[in-house]
Amino acid sequence: MDHFNLLHQEKATFLRLGDLTGPNGYFGQEVLRFLSMAGTLKANYSLDNLNADSRYISHVLARSLIEGFFWLTYIFDDLAKRQARYDEFLSSFKREYAKLYNDPMCPDKSALEPPDVSWNSLIPPMDIKSVMAQVKNDFGNRLDYLYVVYRIASFDTHGKNFSSVLETVFGKPCKFPVLKLDSGFDLMANQYLVILDSLRSGG
């Protein structure tokens, strides 16, 4: 079953959700981002990453999508904790935004909204590994084992992972894991459909 295609058929629903605020609005907008970015990769690049050119694009984009996926799964994993977990997500955004705004290397603030001064003292949120360790998929399986996928994608995001660098560092030709993302994107799409079904059933 092609869960990505099934998810894409619900695009109008996610457009409506994306007009909302709160956790449901975040869900709608993140799924729309997933459909756009993953759909572009599926249509234009090899998701099996058979060459470096495709990996340079797909790993970087996948890293962002995986992080969004785990936040959404965490937020919608437990109805009783949904708002509290969304508030954790908002706190992480506030801390990152305040850090951006207060960076002395960015002196021109005219294009940014000033953050509340209290944001600087917010409790640091969980790291993504801790978030992943607390959530499960619709089969009841914990998802922390996917952390390695996130880390491999993150490593490529820094733009240093070239064969010439690896060979210089290790003194020999080296391999580096590449991610087969098509099946991963299908799993993510399936989980988003599960969340959508829970919303439709009153959750």
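Refer to the structure above for everything that follows.
The structure contained in this document is the topic of the report that follows. All of these numbers come straight from a predicted model, not from anything done at the bench.

**Section: the packing of helix α2 (residues 11-18) against helix α3 (residues 22-44)**
Here comes step 1: Closest axis-to-axis distance for the α2/α3 pair is 7 Å, and the angle between their directions is 135°. Compared by their axis directions, α2 and α3 come out oblique. The two elements α2 and α3 cross, and the hand of that crossing is left-handed. Within the contact between the two elements, α2 uses K11, F14, L15, L17 and G18 and α3 uses N24, G25, F27, G28, Q29, V31, L32 and L35.
Here comes step 2: The class makeup of the residues in the contact of α2 with α3 is 7 nonpolar, 5 polar and 1 charged.

**Focus: a nonpolar patch on the surface**
Here comes step 1: On the surface, Y56, I57, F162, V165, V169 and F170 cluster together into a nonpolar patch covering about 530 Å² of accessible area.
Here comes step 2: The leading source of residues in the nonpolar patch is helix α8 (residues 163-170), at 3 residues.
Here comes step 3: Among the secondary structure elements, I57 is positioned in helix α4 (residues 52-75).
Here comes step 4: Taking relative accessible area as the criterion, I57 reaches 31% and is therefore assigned partly exposed.

What counts and how
- Residues numbered from 1 in each chain as written.
- Predicted model: local features only at pLDDT ≥ 70, side-chain atom pairs only at ≥ 80, totals over all residues.
- Heavy atoms only, no water.
- Axes fitted to C-alpha atoms, helices over the stretch in contact; angles between N-to-C directions.
- Helix = DSSP H or I, 4+ residues; strand = E, 2+ residues; numbered from the N terminus.
- Parallel < 35°, antiparallel > 145°, perpendicular 65-115°, else oblique.
- Left-handed = near helix turned anticlockwise from the far one by under 90°.
- Contact = heavy atoms within 4.5 Å.
- Nonpolar A, V, L, I, M, F, W, Y, C, P; charged D, E, K, R; others polar.
- Patch = residues over 30% accessible without salt bridge, like charges linked within 9 Å, V, L, I, M, F, W, Y side chains within 5 Å.
- Areas by Shrake-Rupley, 256 points an atom, 1.4 Å probe, with all protein chains shown as cover.
- Salt bridge = Lys/Arg side-chain N within 4 Å of Asp/Glu carboxyl O.
- Buried < 20%, exposed > 50% of the residue type's maximum accessible area, 1.4 Å probe, protein only.

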